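Residue strings, one per chain:
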Amino acid sequence: MKYIYLFLLNLLIISISVYLAKLSVDIDTFFNFSGYYSSISRGYGLTIMIIGGFFRLLPSLEFYRKQVSILTLKAQHVLITEGFFSVSRNPLYIGILLIFLGCLVFIGTISGILMWIVSFILCNWWVKYREEYYMKQVFGDEYRKYTERTPRWLRLIK
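Residues numbered from 1 in each chain as written. Predicted model: local features only at pLDDT ≥ 70, side-chain atom pairs only at ≥ 80, totals over all residues. Heavy atoms only, no water.

**Considerations on helix α3 (residues 91-107)**
The terminal C-alpha atoms of α3, which comprises 17 residues, lie 24 Å apart, in line with the 24 Å expected from a rise of 1.5 Å per residue. Across the 17 residues that make up α3, a large majority, 12, are buried. Those residues of α3 that sit buried are P91, L92, I94, G95, L97, I99, F100, L101, G102, C103, L104 and V105. One or two steps after α3, the chain reaches G108, where phi turns positive at roughly 75°. (Helix = DSSP H or I, 4+ residues; strand = E, 2+ residues; numbered from the N terminus. Expected span 1.5 Å × (residues − 1). Buried < 20%, exposed > 50% of the residue type's maximum accessible area, 1.4 Å probe, protein only.)

Quick look at the structure:
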C-alpha cells in the first residue's frame, strides 16, 4: 500500500509541475514572450525530469524503509543521513524542483523559468526557517553536526 501511495504522491507532483508549466506557456502567450522550444530543450528537459525523479523516488523509498512519513508539517522522529541524504539535506525538494524545471525546459517557457526561480526562493525559505528549525528542536546537536557536513541543497549550493 505504501508504494501505491508513493506512486500517487509522485504522480501528483509531476501533474502539478506539468500544470504550472502549461500555465507559464499561457502567461508567455498573454505577454507575447517567444519561447525557446526545440528538440534540444526537450532533451535537456527530459533529462532534468529524470534526474529529479531519482532525487524524489530513491529518498522516498529510504523514508519508507525507516518508517518515516514523507508528508508532514512537523519534524521526523528519525534523522536520515545516508544515501541521498548524505549529499543533500533536502533531496526530496531537489527532486520536486528538478521535475518542475525539467517540465519548463522541455516546453521552452520564459515566464516559467522566472516562476521556477520564485519557487526555489520560497522553497529555500520554507526549508531554512521552518523545517530546519523543527529539526534542530528535535535532534539538537546531532542535527547541527549533520548540517556542518551536509549542504542544504548540493555541494555547489550550500
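**A closer look at helix α4 (residues 110-149)**
Because the α-helix completes a turn every 3.6 residues, residues three or four places apart line up on one side. Here α4 spans only 36 Å end to end across 40 residues, well under the 58 Å set by a 1.5 Å rise per residue. Of all bends in α4, the biggest is about 125°, found at F139. Its side-chain oxygen at 3.2 Å from the backbone nitrogen of G112, T109 defines the N-terminal cap of α4. (Bend = angle between axes of the 7 residues up to and from the residue. Polar contact = N/O pair within 3.5 Å; in protein donor to acceptor, adjacent residues only side chain to side chain.)

**Focus: the nonpolar core**
One finds L97, F100, L104, W116, C123 and W153 to be the most contacted residues of the largest nonpolar core, which totals 14 residues. With seven residues, α3 is the single largest residue contributor to this core. Sequence-distant contacts of L104, that is, excluding residues within four places in its chain, are made with A21, S24, Y36, T109, G112, I113 and W116. (Core = buried A, V, L, I, M, F, W, Y, C linked by side-chain atoms within 4.5 Å. Contact = heavy atoms within 4.5 Å.)

**A look at the confidence of the model for the protein**
Residues with a pLDDT of 70 or more make up 92% of the protein, whose mean pLDDT is 88. Summarising per-element confidence for the protein, the mean pLDDT is lowest in helix α1 (residues 2-30) (87) and highest in α3 (94). (pLDDT = per-residue confidence, 0-100.)

**Some remarks on the packing of aromatic side chains**
Across all of its chains, the model carries 10 aromatic pairs by this definition. Considering the side-chain rings of F30 and F31, the 5.0 Å spacing of their centres and the 90° angle between planes classify their relative orientation as edge-to-face. By relative accessible area, which is 68% here, F30 ends up exposed. Measuring from ring centre to ring centre gives 5.8 Å for F31 and F33, while their planes differ by 25°; the resulting arrangement is stacked. One aromatic cluster in this structure is built from F30, F31 and F33. (Phe/Tyr/Trp six-rings, centres within 6.5 Å; stacked < 30°, edge-to-face > 60°.)

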